[in-house]
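Chain by chain, the residues:
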Amino acid sequence: MGPKLQNKLRRGEGCPSAHGTRRSLHPGAPRVRHNQPWLPSATTSASDSSHSISQGAGQTPMASQRDHWAFMSGSQACLRLQTAQDEAELLAELTALLCRLPEKISRQQGCLGRRAHTLTVLFILTCALGYVTLLEETPQDTAYNTKRGIVASILVFLCFGVTQAKDGPFSRPHPAYWRFWLCVSVVYELFLIFILFQTVQDGRQFLKYVDPRLGVPLPERDYGGNCLIYDPDNKTDPFHNVWDKLDGFVPAHFIGWYLKTLMIRDWWMCMIISVMFEFLEYSLEHQLPNFSECWWDHWIMDVLVCNGLGIYCGMKTLEWLSLKTYKWQGLWNIPTYKGKMKRIAFQFTPYSWVRFEWKPASSLRRWLAVCGIILVFLLAELNTFYLKFVLWLPPEHYLVLLRLVFFVNVGGVAMREIYDFMDDLKPHKKLGQQAWLAAAITATELLIVVKYDPHTLTLSLPFYISQCWTLGSVLVLTWTVWRFFLRDITLRYKETRRQKQQNDQGRAVGNGDGHPGTDEDLPGSGSAKEGAAEQGLLAGKGGASATS
């Protein structure tokens, strides 16, 4: 039943029914109380009804019967009118409900265990804290107690966030999974801010509380050196330079760019970021020796093989996800075990699919937004190497790997929130929570690098490198001005001229197509009329002279 009809029932409006007093929509119908004994029922005859009405109202039988039949006819007409309106309203309400019903059912059946279990988590957390407080003896080691207290505080915060934080745009495999990474983002940002407020020496030595092996300067590995693909001097293994470069970073590059493609969902943006990062490595190898690589390592192994193959596989996966039918069924409604296992595997695929169409050249706002996304991606990539350099972290340390895993889980949600923010047409829109935290984390990491080693960052670029970046910046700025300012002005001018020519042609065709205009509208018509008048005047003079 619709809300309008419910409000009418609460106010007692509408046609008479068997549920108390209601005011008729018919303007001439009287107010009737249906539970009075004088109301004629279906088994009461007309004479009995008129008699009961005359006795109850003190009227004459003829007048009361006339009023009764007038009331009945008006009530029936009103009832038919109101019934038709109610049927139309109920039909619209049921149609909308049926349209929403499959989505609600699929959402309820599409996720396994969508309940947040807030009371269960609170009970388990309280029991754990009670056990530590009442049954466990506190050690006398201050460092151990400090570490355990910090870890317990983080775990309590994560439990709160997983059960109480706001859901993001993703719901697979479970909304709690993405709420967990949102809370991890908050913890990581707080950790970075703590490191930022320490001195350089204290910040590096603080990492010893995480791992005692840290806090020691590390030599940087030079990936350049001998760049011969085939070394004829080495008779036993002429391709030893190639095998030396095939370390654990090769599969890391492939997997990383496969996942980045799933985040960005655009081939052009992925290739631009991949190529630009290689240019950045060329440009900054005087600051970090780790960036010094052979030319074939840059363009063949990185861009074409690892990055290119990862982007290709990612685009094929995106194509499969876009063609997939997203129709979900509850696990317990599937009869076969094979179907149940397949349903569990598909739980780790998206609930629905949104294709990203960035369209950077459609407007200046989208162009600047896409350029900002590319710059943040490149900055996050550079932070990986510079943080290792300034905090003395070995490349194979588990903290480096955990940071990459963190950005893989955070980046997908952040990109979806940024895309929704760009496509949102509301005037007062808000950037998503995960995108906000990802941008804050990237900026904080950059500030740590700037504070901990300003000397390395202030090393001037070689002249030819600075000239190349200046030329590229000028070209991008020139294209931006032409595309979004000069080109629009030119197009508007051409459109104005075209419309003016069409209007002139329309007037000319209208003057010659069955609706001739005046002779003054045609070019040269004025001079032609003046010549005809002069000829007539001369002919008149000649005739007059001949007559005389």
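Residues numbered from 1 in each chain as written. Predicted model: local features only at pLDDT ≥ 70, side-chain atom pairs only at ≥ 80, totals over all residues. Heavy atoms only, no water.

Details of the UniProt feature "transmembrane region" (unreviewed entry) in the protein
As recorded in UniProt, the feature "transmembrane region" (unreviewed entry) lies at residues 116-134, 176-197, 367-386, 398-415, 435-452 and 464-485. Span residues 176-197 is 95% helix and 0% strand, its end C-alpha atoms 32 Å apart. Each end of residues 367-386 is marked by a C-alpha atom, and these two atoms are 28 Å apart; helix forms 100% of the span and strand 0%. (UniProt positions renumbered as here; feature names shortened; annotations may be inferred. Helix = DSSP H or I, 4+ residues; strand = E, 2+ residues; numbered from the N terminus.)

Observations regarding a nonpolar patch on the surface
On the surface, Ile229, Tyr230, Phe239, Trp243, Leu246, Trp295, Ile300, Leu304 and Val305 cluster together to form a nonpolar patch covering roughly 900 Å² of accessible area. For the nonpolar patch, the element with the highest residue contribution is helix H11 (residues 295-323), accounting for 4 residues. Within the secondary structure, Phe239 sits in the loop between helix H7 (200-206) and helix H8 (240-245). Owing to a relative accessible area of 37%, Phe239 belongs among the partly exposed residues under this scheme. (Patch = residues over 30% accessible without salt bridge, like charges linked within 9 Å, V, L, I, M, F, W, Y side chains within 5 Å. Areas by Shrake-Rupley, 256 points an atom, 1.4 Å probe, with all protein chains shown as cover. Salt bridge = Lys/Arg side-chain N within 4 Å of Asp/Glu carboxyl O. Buried < 20%, exposed > 50% of the residue type's maximum accessible area, 1.4 Å probe, protein only.)

Here's the deal with the environment of Phe180
Within the secondary structure, Phe180 is located in helix H6 (residues 175-196). When the C-alpha atoms of Phe180 and Thr163 are compared, they prove to be 8.9 Å apart, with 17 residues separating the residues in sequence. Among residues more than four places away in sequence, those in contact with Phe180 are Leu158 and Val162. (Contact = heavy atoms within 4.5 Å.)

Quick notes on the pattern of salt bridges
One pass over the structure, following the stated rule, counts 11 salt bridges. When the shortest N-O distance is used, the salt bridge between Glu136 and Arg148 registers 2.6 Å. One end of the pair, Glu136, is in the loop between helix H4 (118-134) and helix H5 (142-164); the other, Arg148, is in helix H5, and 12 residues separate them in sequence. Of the charged contacts in the structure, one is a salt bridge between Glu319 and Lys316, with a shortest N-O distance of 3.7 Å. Separated by 3 residues within a single helix, Glu319 and Lys316 lie in helix H11, roughly one turn from each other. Using a relative accessible area of 42% as the deciding quantity, one classes Lys316 as partly exposed.

Thoughts on the side chain of Lys340
Tracing the chain through its elements places Lys340 in helix H12 (residues 337-346). Side-chain polar atoms of Lys340 contact the backbone oxygen of Ile334, separated by 3.0 Å. In this structure Lys340 touches Leu331, Trp332 and Ile334, once residues within four positions along its chain are discounted. (Polar contact = N/O pair within 3.5 Å; in protein donor to acceptor, adjacent residues only side chain to side chain.)

Points about unusual backbone geometry
The omega angle of the peptide bond from Arg172 to Pro173 is -5°, so this bond is cis rather than trans. Structurally, Pro173 is set in the loop between H5 and H6. Here Lys359, not a glycine, exhibits a phi torsion of approximately 50°, which is positive. Inspection of the secondary structure puts Lys359 in the loop between H12 and helix H13 (364-391).

A word on the nonpolar core
Most often, soluble globular proteins have nonpolar side chains that are buried together. Among the nonpolar cores identified, the biggest contains 51 residues, and Ile264, Trp358 and Phe406 are the most heavily contacted of them. When residues of this core are traced back to their parent elements, those giving at least two are H6, helix H9 (249-264), helix H10 (267-284), H13, helix H14 (398-423) and helix H15 (433-452). When residues in this core are grouped by element, the largest group, 11 residues, is from H13. (Core = buried A, V, L, I, M, F, W, Y, C linked by side-chain atoms within 4.5 Å.)

Some thoughts on the packing of H6 against H14
At a minimum axis separation of 10 Å, H6 and H14 run at an interaxial angle of 120°. Taken together, the axes of H6 and H14 lie oblique to each other. Crossing hand, H6 versus H14: left-handed. Contact with H6, carried on its side by Tyr177, Trp178, Trp181, Val184, Ser185 and Tyr188, involves Arg403, Val405, Phe406, Asn409, Val410 and Val413 of H14 and no other residues of that element. Here the contact of H6 with H14 is built from residues that sort into 9 nonpolar, 2 polar and 1 charged. (Axes fitted to C-alpha atoms, helices over the stretch in contact; angles between N-to-C directions. Parallel < 35°, antiparallel > 145°, perpendicular 65-115°, else oblique. Left-handed = near helix turned anticlockwise from the far one by under 90°. Nonpolar A, V, L, I, M, F, W, Y, C, P; charged D, E, K, R; others polar.)

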